[in-house]
Amino acid sequence: MFPKNEHYNMIVVGAGHAGSEAALAGARMGARVLLLTTTLDAVALMPCNPSVGGPAKANLVREIDALGGEMAKNVDATLMQLRMLNTRKGPAVRALRAQSDRKLYQQRMKLTLESTDNLYVKEALVTDLLVQGSSVRGVKVADGSEIFGDTVVLATGTYLRAVIYIGDYRDSSGPQGLKPANALGENLGKYVATARFKTGTPPRVHLRSVDVSQLDIQPGNFFKGGFSFETASVESRQLPCWLAYTNEETHRIVAENLDKAAIFTGAISGTGPRYCPSIESKVAQFPDRRGHQVFLEPEGWNTYEGYLSGLSSSLPAPVQLRILQSMKGFEDCEMLRPGYAIEYDCIDPLALHPTLQVKGFQGLYCAGQVNGTSGYEEAAGQGLLAGANAIRELRGQEPVVLRRSQAYLGVLIDDLVTKGTNEPYRMMTSRAEHRLVLRLDNADRRLAHIGRELGLVSEQRYDRCAKKWSAIERLCSSLESQQVRPGRETNELLQRSGSAPLQRPASVADLLRRPELDFWSLAPLHGQYEVEQQTAEQVEVEIKYSGYIEKQQRAIDRMERMENRSLEDVDFADVRGLSREAQEKLQQVRPRSVGQASRIAGVSPADVNVLLVYLAQRSKRRSYSEQ
Amino acid sequence: MHQDTIAAVATAVGEAGIAIVRVSGGDAYQIGDRLFSPVKGGTLQDTPGYRIRYGHIRDPESGKAVDEVLAAVMRAPRSFTGENVLEIHCHGGPKVTQRILELFLQSGARMAEAGEFTKRAFINGRLDLSQAEAVIDVVRSRTDSSLDVAVQQLEGSLRRRIDSFRERLLDLVVRVEASIDFPEEDIPDVELGEMQTIISSVRSEIQQLIDTADDGKILREGFKTVITGKPNVGKSSLLNRLLDEKRALVTEVPGTTRDVIEEVVNVRGIPMRVLDTAGIRSTTDVVERLGVERARDLWREADIIIHVLDASIPLTEEDWDILDATENHKRVIVVNKIDLPRSWPLEDLPLDSSTKLVEMSLLEGNLEPLLDTIVQLVHGGMRLRTEEALVTRTRHKQALAEAEDDLRQAQQTLDDGLPVDLIAVGLQGALEHLGEITGETVRDTVLERIFAQFCIGK
Ligand SMILES: Nc1nc2c(ncn2[C@@H]2O[C@H](COP(=O)(O)OP(=O)(O)O)[C@@H](O)[C@H]2O)c(=O)[nH]1
């Protein structure tokens, strides 16, 4: 299967969400890419619920799309339900969330990989890296063959030395009974520091055994567009989800059996995410709650398997069944698969450069859950950048590092490589300091030019994006300059929308800034009836919130000044006056800029001042010695 | 590097109870032994580090006990400055404390320069740079009393006040953020009315704190004083007495113009900055040298005017001009030369609420009543004392003002009926500005709390 002397520009290990994007990016950039997976049947598997998006995560998906990645298109093509969340909470936190058909999602991604030129998807279990000095040379696979590649992207997900737990049952296994990667897990420690994380899944039930008439139905809402800026329209047929609740009886069963839960018996040492607690953690930590929400979600068009979001558990299977049957509507429920906890190795992301290259190893990149993150969207985004950067390194081009003010993806990677993480890292809007500019609706404006530079976004698509945005800008400025005079007609129009009459002339934009008015209610004044809905919304956001956006832009400008103070050639051992803790942390993280340094835990504002003073002195010394 | 031994009063003005005289340097214990007699016998030189001894400070000449004190011994290098440090904790009030300091100065210690303890601590590697901010302030602060305020304020009540603002805002932000980031969990939305209440109460408390900033500024930066009066009334005698009493600090800070230099005198722990026109000592008057207009500018700039009059010769037109021109300004009228026969009655002087009167002889009299009067006048309008919350750094005031402004905007956003993510901008901004003072970051704290408070998860 692997002819001797075969050579690739990039070998991607793992064909999950990170690996798929990495391989696609590399191949679409024209490199020869090998994508290895333990089984071709698990490409782009969603072992948790087949749900994509939500606050911040939806923005990640749009960013991936703007950069020329595949995830958004894959969701749009396979979704069964689409909802817009947070509609009333504001433009910056509006969030698209989709349920995909798990099997269709996998199939479509696999087909995309298979149909991409230069991309070879093959089945093999990687056991070790081939390393020469400080450069990676390829990988070794289970049958002992060596495969050579200029660069390697590790996207091994939760498979490294994976162990699953169900009560006191323990098995060396990846998610859903898939093969774990034990040898690679053991060998990886030779190259980077590793940690052990855990996560969990809930039981699956037969949908026909649940009396959904007793549950609250949650239909999707239809949107014309989907995640991708290229999707014209998505499937209009949608499947509903249902909302169920645990009750005191459920909690009693959980409490009585807590000692049998794998996470409480002490069997598991890994750290789990706090935002995804098992039902046993919920009951133990919030004993006063009388009920927790559980969503019943279909797994696909062609199956009656249902996923129970909110009920992740590592209790013994019989206890899980009792828990299920204690809930209203689930009395006769049939459990198809029990939930389980899974523990796996990941690397300490502090070992990474912001390019996702492993420090000290040329050509070696890591992406996805192996970096200590959680979530498909987080993984896919990293995969795309790791793949692109590996190829750029090979070609001697500048790597792509996104700024915090530019993308959630920038926030994600900066957080990881600057602060590390002690639990699986999930993206949230509250992690970004400038979320008003990192909106769902402007991801293409923020990133399409980078996608184009990478060679992942076509000229044609880029032009379309540029045109759209210049039209929006033109419309904005025309509304700013278009004057409205007070008068009977105008004031009647305003009154109809519950708005105060006009006293003196104002621009249409001024009126649009009134909370109770929107683009369409002002149409008689500006006359722009032909505008597309998307554009109208865009213009509304840009004008209504311009004051806030400008304020954030100023904060960004201030931050950028620190981001531009380079520390790349500073030996922190040379800098006198730093606290010891700061010195250690700086030497470990090796921040690229004063801005990044200031975000390291243990580096105080005083240490930042010391760095600034050091830089100032050094440039003075340099200018002296140049004279 | 041999360092001489320095001493200063290390507690703040207005603080009741204990005052500390701090002594640092190689000879601290030898000098101490000349003045301190422990009740249980022995000497300070034989006392091991980190011990406190009880005894008396005695005047070596008279042998009389000046005060009952505790003497704390902290040996090099494990002391604040890294040198031998002796601290005398006395409770006899400001005058006794001053006397004890004088005894130390007479027995071989030198008056510490502004921030000199801290400077030494820094040089000897006893302060890491996490304290650097404080150091910068401290080196600039002009007496040890303001030094204490600088050091205390972050641990003390300012910190508590800011923590309370932060706490209330954090709680709000945490709930807002949780509802934004986890819309599909059953997290209740924060009610607008509640948000309204919290924002406006924190806002008004921040405003109160900002109002104290000016008081704090006096403690840190001192108060500006102009000594004025017609020629020959005793202005330079006054300045020289102030400087002679070893309260003077060596710093001669260049003033706002080339004509004016500034001398800093420690008055009861508050830096008194005498704007010296150089005219005082050369017996030429400010008015004479600079002209009335410039003199008025100088007066306006001053926090306090000391107007010296000669009791032995009748008041002249010139005296009255100055009296009129300085009306309504905080001033001390020094009626000097009362050792000579008086040529006019005190009742002649106009007295208003901002004027204090001191009769004295600069030639032979005691300076203390004048100093008391000055301190009273400076302190009179202050709402706060050092043990209460004080904003003494401009940077802190600035941060508070910005926090207040952010909250104002949040409130406006709320009133405009705009969505919660925009209200959050103001709330987060306010939290960040408060964090600039306490050195805490917002983002991680918010996340910590979301997870601790809400049951979130698939
Ligand atoms: N008898 C007496 N003479 C004083 C007193 N204060 C100052 N003098 C004298 O008055 C003269 C003028 O004092 P000086 O301080 O130079 O006055 P200036 O011109 O206001 O600075 C000097 O000869 C001083 O010695 C005092 O309280 N009593």
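Being a predicted model, the structure only gives us computed values, none of them experimental.

J.: Help me get a handle on the domain arrangement of chain A, residues and values and all.
T.: Looking at chain A, the domain boundaries give domain 1 (7–202 + 344–442), domain 2 (204–338), domain 3 (474–552) and domain 4 (564–626). Distance between the C-alpha centres of domain 2 of chain A and domain 3 of chain A: 45 Å.

J.: Hey, could you go over helix H11 (residues 317–325) of chain B for me, with residue numbers and the actual values?
T.: In an α-helix there are 3.6 residues to a turn, and that puts residues three or four apart on one side. Turning to H11(B), its buried residues number three or more, namely B:Asp319, B:Ile322 and B:Leu323. Here the buried residues of H11(B) occupy an arc of 100 degrees about the axis, which is enough to place them on one side.

J.: Give me the lowdown on the sheet that holds strand S18 (residues 335–337) of chain A, citing residues and values where you can.
T.: The strands that make up a sheet pair up through hydrogen bonds in the backbone, lying either parallel or antiparallel. Residues and elements named next belong to chain A. Here we have six strands laid out as an open sheet, ordered S14-S15-S16-S17-S13-S18, and antiparallel in their pairing. Among the strands making up the open sheet, the edge pair consists of strand S14 (216–218) and S18. Averaged over neighbouring strand pairs, the angle between their axes works out to 35 degrees when direction is ignored. In terms of strand pairing, strand S13 (residues 204–206) meets S18 through two bridges, oriented antiparallel.

J.: Account for the packing of aromatic side chains, naming residues and giving values.
T.: The description of an aromatic ring pair uses the distance of the two centres, along with the angle that the planes make with each other. Residue and element names in this part refer to chain A. Tallied over the entire structure, the rule returns three aromatic pairs over all chains. A ring pair is formed by Tyr8 and Tyr120, whose centres lie 5.9 Å apart and whose planes are at 65 degrees; its orientation type is edge-to-face. In this pair, Tyr8 sits in strand S1 (residues 7–13) while Tyr120 sits in strand S6 (residues 119–123), placing the two residues 112 residues apart along the sequence. Since its relative accessible area comes to 31%, Tyr120 is described here as partly exposed.

J.: Can you break down the pattern of salt bridges residue by residue, with the values?
T.: One pass over the structure, following the stated rule, counts 55 salt bridges over all chains. One salt bridge connects A:Arg461 with A:Asp65, and the closest N-O pair in it is separated by 3.0 Å. On the criterion of sequence distance, the pair formed by A:Arg461 in helix H13 (residues 459–481) and A:Asp65 in helix H2 (residues 57–66) is long-range, its members being 396 residues apart. Across the pair B:Glu301 and B:Lys224 runs a salt bridge whose closest N-O atoms are separated by 3.4 Å. Taken together, the positions of B:Glu301 in helix H10 (residues 286–301) and B:Lys224 in strand S8 (residues 223–228) put the pair 77 residues apart, joining distant regions of the chain. Linked through salt bridges whose partners overlap, the residues forming this network are A:Arg404, A:Asp414, A:Asp415, A:Lys419, A:Glu433, A:Glu563 and A:Arg599.

J.: Which residues make up the sheet that holds strand S1 (residues 6–9) of chain B, and what values do they have?
T.: Residue and element names in this part refer to chain B. Taken together, seven strands build an open sheet; the order of strands is S3-S4-S5-S6-S2-S1-S7 and the sheet is mixed. Two strands in the sheet have a free side with no partner beyond their single neighbour: strand S3 (36–38) and strand S7 (110–111). Where strand S5 (residues 65–74) meets strand S6 (residues 85–90), six bridges bridge the pair, whose relative direction is antiparallel. Bridge pairing links Val69 to Cys90 in S6. Contacts between helix H1 (residues 28–35) and the sheet are confined to strand S2 (19–24), S3, strand S4 (51–58), S5 and S6, with S3 contributing the most and set at about 75 degrees to the helix. Against the sheet, helix H2 (residues 93–106) touches S1, S2, S4, S5, S6 and S7, its axis set at about 65 degrees to S5.

J.: Quick rundown of the interface of chain B and chain A? Include the residues and the values.
T.: How big an interface is tends to be reported as the loss of accessible area on association of its parts. Contact with chain B, which involves 39 residues of that partner, is made by 49 residues of chain A. Both faces combined, the contact of chain B with chain A buries some 4000 Å², and carbon together with sulfur accounts for 55% of it. For B:Asp406, the salt bridge is made with A:Lys551, and the minimal N-O distance between the two is 2.4 Å. Across the contact surface, chain B and chain A share twelve residue pairs in polar contact (both at pLDDT 80 or more). Tallying contributions element by element places helix H15 (residues 443–453) of chain B first for the side of chain B that touches chain A, with eight residues. Broken down by class, the residue content of the side of chain B that touches chain A amounts to 18 nonpolar, seven polar and 14 charged.

J.: I'd love a proper account of empty space enclosed by the protein, names of residues and values included.
T.: All names here are of chain A. Counted under the stated rule, the structure contains six cavities of 30 Å³ or more. The computed volume of the largest cavity comes to approximately 740 Å³. As for the largest cavity, its lining consists of 47 residues, and the residues nearest its centre are Pro47, Gly157, Thr158, Tyr159 and Gln369. Considering only residue class, the lining of the largest cavity consists of 27 nonpolar, 17 polar and three charged. Taken domain by domain, the makeup of the lining of the largest cavity includes at least three residues from each of domain 1 (7–202 + 344–442) and domain 2 (204–338).

J.: A description of the nonpolar core should follow, citing residues and the corresponding values.
T.: Among the nonpolar cores identified, the biggest contains 160 residues, and A:Leu36 and A:Val139 are the most heavily contacted of them. Residue contributions to this core peak at eleven residues, all from helix H6 (residues 157–181) of chain B. When residues no more than four places from it in sequence are discounted, the contact partners of A:Val139 are A:Ile11, A:Val13, A:Leu36, A:Val126, A:Asp128, A:Leu129, A:Leu130, A:Ser145, A:Glu146, A:Ile147 and A:Val152. By size, the runner-up hydrophobic cluster in this structure holds 28 residues, among which are A:Leu207, A:Ile279, A:Leu311 and A:Ala341.

J.: Could you give an account of the site of the ligand, with specific residues and numbers?
T.: Residues and elements named next belong to chain B. Neighbouring the ligand are 17 residues; Asn232, Lys235, Ser236, Ser237 and Asp339 lie closest to it. One of the backbone nitrogen or oxygen atoms of Lys235 is found 2.8 Å away from an oxygen atom of the ligand. In the environment of the ligand, an oxygen atom lies 2.5 Å from a nitrogen or oxygen atom belonging to the side chain of Ser237. Here the ligand loses 78% of its free accessible area of 580 Å² to cover by the protein chains. The dominant element in the shell around the ligand, judged by the number of residues it contributes, is helix H9 (residues 235–247), at three residues. Residues that form the shell around the ligand fall into these classes: six nonpolar, seven polar and four charged.

J.: Give me the lowdown on the side chain of A:Asn74, citing residues and values where you can.
T.: All names here are of chain A. Note that Asn74 resides in helix H3 (residues 71–78). Judged by its relative accessible area of 0%, Asn74 is buried. Side-chain polar atoms of Asn74 contact the backbone oxygen of Tyr105, separated by 3.0 Å. Sequence-distant contacts of Asn74, defined by excluding residues within four places in its chain, comprise Tyr105, Arg108 and Met109.

J.: Break down the side chain of A:Asp76 for me, citing the residues and quoting the values.
T.: All names here are of chain A. For Asp76, the location among the structural elements is in helix H3. No salt bridge is formed by the buried Asp76. Its closest oppositely charged neighbour is Arg62, at 7.1 Å. Within polar-contact distance, the side chain of Asp76 engages the backbone nitrogen of Phe227 at 2.7 Å. In terms of polar contacts, Asp76 uses its side chain to reach the side chain of Thr231, at 2.5 Å. When near neighbours in sequence (up to four residues on either side) are disregarded, Asp76 contacts Gly226, Phe227, Ser228, Thr231 and Val234.

J.: I'd love a proper account of unusual backbone geometry, names of residues and values included.
T.: Outside of glycine, negative phi angles account for most residues, and trans bonds account for most peptide bonds. Here the amide bond leading from B:Ala76 into B:Pro77 is cis, since omega sits at -5 degrees, within 30 degrees of zero. Turning to its location among the elements, B:Pro77 is positioned in the loop between S5 and S6. At A:Arg590, a position not held by glycine, the phi torsion is positive, near 50 degrees. Given the relative accessible area of 48%, A:Arg590 is considered partly exposed. Notably, B:Asn232 is not glycine yet its phi reads approximately 75 degrees, a positive angle. As for its position among the elements, B:Asn232 is in the loop between S8 and H9. Note on B:Asn232: relative accessible area 63%, which makes it exposed.

J.: Kindly report on the layout of surface pockets, identifying the contributing residues and their values.
T.: All names here are of chain A. Here the second largest pocket defines a volume of roughly 1100 Å³. Contributing to the lining of the second largest pocket are 35 residues, with Arg62, Gly225, Phe229, Lys468 and Gln534 lying nearest its centre. Elements that contribute at least two residues to the lining of the second largest pocket include exactly H2, helix H12 (443–454), H13 and helix H17 (533–544). Its residues assigned to classes, the lining of the second largest pocket shows 15 nonpolar, nine polar and eleven charged.

Reading guide: rules and limits
- Residues numbered from 1 in each chain as written.
- Chains lettered and ligands numbered in written order.
- Predicted model: local features only at pLDDT ≥ 70, side-chain atom pairs only at ≥ 80, totals over all residues.
- Heavy atoms only, no water.
- Domains from an automatic or database assignment.
- Buried < 20%, exposed > 50% of the residue type's maximum accessible area, 1.4 Å probe, protein only.
- Helix = DSSP H or I, 4+ residues; strand = E, 2+ residues; numbered from the N terminus.
- Arc of directions from axis to C-beta.
- Pairing = 2+ DSSP bridges.
- Axes fitted to C-alpha atoms, helices over the stretch in contact; angles between N-to-C directions.
- Phe/Tyr/Trp six-rings, centres within 6.5 Å; stacked < 30°, edge-to-face > 60°.
- Salt bridge = Lys/Arg side-chain N within 4 Å of Asp/Glu carboxyl O.
- Contact = heavy atoms within 4.5 Å.
- Buried area = accessible area lost by both parts, 1.4 Å probe.
- Polar contact = N/O pair within 3.5 Å; in protein donor to acceptor, adjacent residues only side chain to side chain.
- Nonpolar A, V, L, I, M, F, W, Y, C, P; charged D, E, K, R; others polar.
- 1 Å grid on protein atoms, 1.4 Å probe; cavity = no way out; pocket = protein on both sides within 12 Å on 5 of 7 lines; lining within 4 Å.
- Points joined across faces, edges and corners; volume = space filled by probe spheres on them.
- Core = buried A, V, L, I, M, F, W, Y, C linked by side-chain atoms within 4.5 Å.
- Near = heavy atom within 4 Å.
- Areas by Shrake-Rupley, 256 points an atom, 1.4 Å probe, with all protein chains shown as cover.
- Lys, Arg positive; Asp, Glu negative; His and termini not counted.

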